[in-house]
Amino acid sequence: MSISLSSLILLPIWISMAQIQQGGPDESEKTTALKDLLSRIDLDELMKKDEPPLDFPDTLEGFEYAFNEKGQLRHIKTGEPFVFNYREDLHRWNQKRYEALGEIITKYVYELLEKDCNLKKISIPEGYGVIVLNPNENYIEVEKPKMHVQSSSDSSDEPAEKRERKDKVSKETKKRRDFYEKYRNPQREKEMMQLYIRENGSPEEHAVYVWDHFIAQSAAENVFFVAHSYGGLAFVELMIQREADVKSKVTAVALTDSVHNVWHQEAGKTIREWMRENCCNWVSSSEPLDTSVESMLPDCPRVSAGTDRHELTSWKSFPSIFKFFTEASEAKTSSLKPTLTRRSHRIKHEEL
């Protein structure tokens, strides 16, 4: 005979009421029977019995989703955005469905890049390399080990039989409490702890680590940085710790809405001078792209990214960034300095 989850929840209440109404010497026997019943129930297996099979479509059409003319994912029939809780009270199944759809969207985006943008997916040739840093991943989450505390009753003078009975009741109480906690909030089944990644416990540490182990050891003669937001702060910290190495290998640095501060980070005079000559910061601004933007800090020139949205500054300024890199590379070859962004900055400064 199968027991539904709703019956299981109501069962203790029903028995408790019966005990109150009937009373009698068999109350303890009923309680023991209820505890035994609860101890035999495996919550994971119980939830899986009501869970549909993890068999999902392998196309957007199968999921009944499509991208509209604005590039938004919408349901084919209802026109609504994606709904995570497709089935109520089935978080695990909903998560698996979400992941399956995500894999399809990833492939779909690659297809769009090749078909609509006329891009070709190829391997990077040996003469050119790209390194994408991941400064935000500084730790991993693992299950917190359970602490086994020795019962204080072990050292007491209680009879062994009484001590064993108390330990049994304590274990049953904990098991029952864990059972109901797991049911109420299945997403918090385990207590987690953070383990910081060695030598990468912060964005600043990560930047230095990647420099030491990859960039500094590469054969590249022209290294260019694109650093967004906090990435700019991490780059300045890299310069502080590896100034000579960075100056000898890095040709130009493009910052996009960087939050660095040469005063707070205590960057020295030689670093500030190098940044003025080799860096440019495309900041969020409503002004047209490359319009000079004044700064109170004595570091690199600031120009408009052509958008006032922080998260779009990199994308909007890419054409100017790569032009900046090209000029820097040519200037290095001919022992000249790039002039595009600095010229506009100087003109603005002279006007003032």
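One structure accompanies this document, and this report is about it. (Residues numbered from 1 in each chain as written. Predicted model: local features only at pLDDT ≥ 70, side-chain atom pairs only at ≥ 80, totals over all residues. Heavy atoms only, no water.)

Topic: the pattern of salt bridges
It is possible for side chains of opposite charge to pair when their charged atoms get near one another.
Okay, so step 1: Across all of its chains, the model carries 4 salt bridges by this definition.
Okay, so step 2: Across the salt bridge formed by arginine 242 and aspartate 212, the nearest N and O atoms sit 2.8 Å from each other. Of this pair, arginine 242 sits in the loop between helix H8 (230-241) and helix H9 (243-249) while aspartate 212 sits in helix H7 (residues 203-215), and the two are 30 residues apart along the sequence.
Okay, so step 3: Relative accessible area serves as the criterion here: at 23%, arginine 242 is assigned to the partly exposed category.
Okay, so step 4: Glutamate 243 is the salt-bridge partner of lysine 247, the closest N and O atoms lying 2.7 Å from each other. Taken together, the positions of lysine 247 and glutamate 243, both in helix H9 and 4 residues apart, correspond to about one turn of that helix.
Okay, so step 5: Overall, the relative accessible area of 30% leaves lysine 247 in the partly exposed class.
Okay, so step 6: The partly exposed category is assigned to glutamate 243, whose relative accessible area is 23%. (Salt bridge = Lys/Arg side-chain N within 4 Å of Asp/Glu carboxyl O. Helix = DSSP H or I, 4+ residues; strand = E, 2+ residues; numbered from the N terminus. Buried < 20%, exposed > 50% of the residue type's maximum accessible area, 1.4 Å probe, protein only.)

With respect to a nonpolar patch on the surface
Okay, so step 1: Taken together, the side chains of Val109, Tyr110, Leu113 and Leu119 make up a nonpolar region of the molecular surface, amounting to roughly 340 Å² of accessible area.
Okay, so step 2: Looking at the element boundaries, valine 109 is found in helix H5 (residues 91-115). (Patch = residues over 30% accessible without salt bridge, like charges linked within 9 Å, V, L, I, M, F, W, Y side chains within 5 Å. Areas by Shrake-Rupley, 256 points an atom, 1.4 Å probe, with all protein chains shown as cover.)

Notes on the layout of surface pockets
Okay, so step 1: Volume-wise, the largest pocket comes out at about 1300 Å³.
Okay, so step 2: In this structure, the largest pocket is lined by 33 residues; those nearest its centre are Val130, Ile131, Phe224, Phe225 and Val226.
Okay, so step 3: Of all elements in the fold, only H7, strand S5 (223-228), H8 and helix H11 (313-334) reach the threshold of two or more residues within the lining of the largest pocket.
Okay, so step 4: Element by element, the count of residues in the lining of the largest pocket is highest for S5, at 6 residues. (1 Å grid on protein atoms, 1.4 Å probe; cavity = no way out; pocket = protein on both sides within 12 Å on 5 of 7 lines; lining within 4 Å. Points joined across faces, edges and corners; volume = space filled by probe spheres on them.)

Regarding the environment of tyrosine 86
Okay, so step 1: Relative to the assigned elements, tyrosine 86 resides in the loop between strand S2 (73-75) and H5.
Okay, so step 2: The class for tyrosine 86 is partly exposed, based on a relative accessible area of 48%.
Okay, so step 3: Placed 12 residues apart in sequence, tyrosine 86 and tyrosine 98 show a C-alpha to C-alpha distance of 9.5 Å.
Okay, so step 4: Look past the residues within four positions of tyrosine 86 in its chain and what remains in contact with it is Trp93, Asn94 and Arg97. (Contact = heavy atoms within 4.5 Å.)

Structural notes on helix H10 (residues 269-278)
Okay, so step 1: Every buried residue of H10 is listed here: Ile271, Arg272, Trp274, Met275 and Asn278. An end-on view of H10 places all buried positions within 160° of arc, on one side of the element. (Arc of directions from axis to C-beta.)

Digging into the nonpolar core
Okay, so step 1: Core analysis: the biggest nonpolar cluster contains 22 residues, and Phe225, Phe235, Val246, Val250, Val253, Trp274 and Met275 have the highest contact counts within it.
Okay, so step 2: Those residues within four positions of valine 253 in sequence are excluded, and the remaining contacts are Phe225, Phe235, Trp274, Asn278, Cys279, Cys280, Phe324 and Phe325.
Okay, so step 3: Grouped together as the second largest cluster of nonpolar side chains are 10 residues, Ala252, Val303, Ala305 and Ile321 included. (Core = buried A, V, L, I, M, F, W, Y, C linked by side-chain atoms within 4.5 Å.)

Description of the packing of H7 against H8
Okay, so step 1: Running from N to C, H7 and H8 point in directions that differ by 55°, and their axes come no closer than 9 Å. One element, H7, and the other, H8, form an angle in the oblique class. Seen along the crossing, H7 lies across H8 with a hand that is right-handed. Contacts from Pro203, Glu204, Ala207, Val208 and Trp211 of H7 reach H8 at Tyr230, Leu233, Ala234, Glu237, Leu238 and Gln241. (Axes fitted to C-alpha atoms, helices over the stretch in contact; angles between N-to-C directions. Parallel < 35°, antiparallel > 145°, perpendicular 65-115°, else oblique. Left-handed = near helix turned anticlockwise from the far one by under 90°.)

Things to note about the sheet that holds strand S7 (residues 279-283)
Okay, so step 1: As summarised here, the arrangement of the 4 strands in space is S5-S6-S7-S8, forming an open sheet in which the pairing is parallel. Looking at strand neighbours, the two that pair on one side only are S5 and strand S8 (302-304), the edges of this open sheet. This sheet shows a mean twist of 20° between the axes of neighbouring strands, independent of strand direction.
Okay, so step 2: Two elements, strand S6 (residues 250-256) and S7, share 4 bridges in a ladder whose sense is parallel. In the strand pairing of S7, valine 253 is matched with cysteine 279. (Pairing = 2+ DSSP bridges.)

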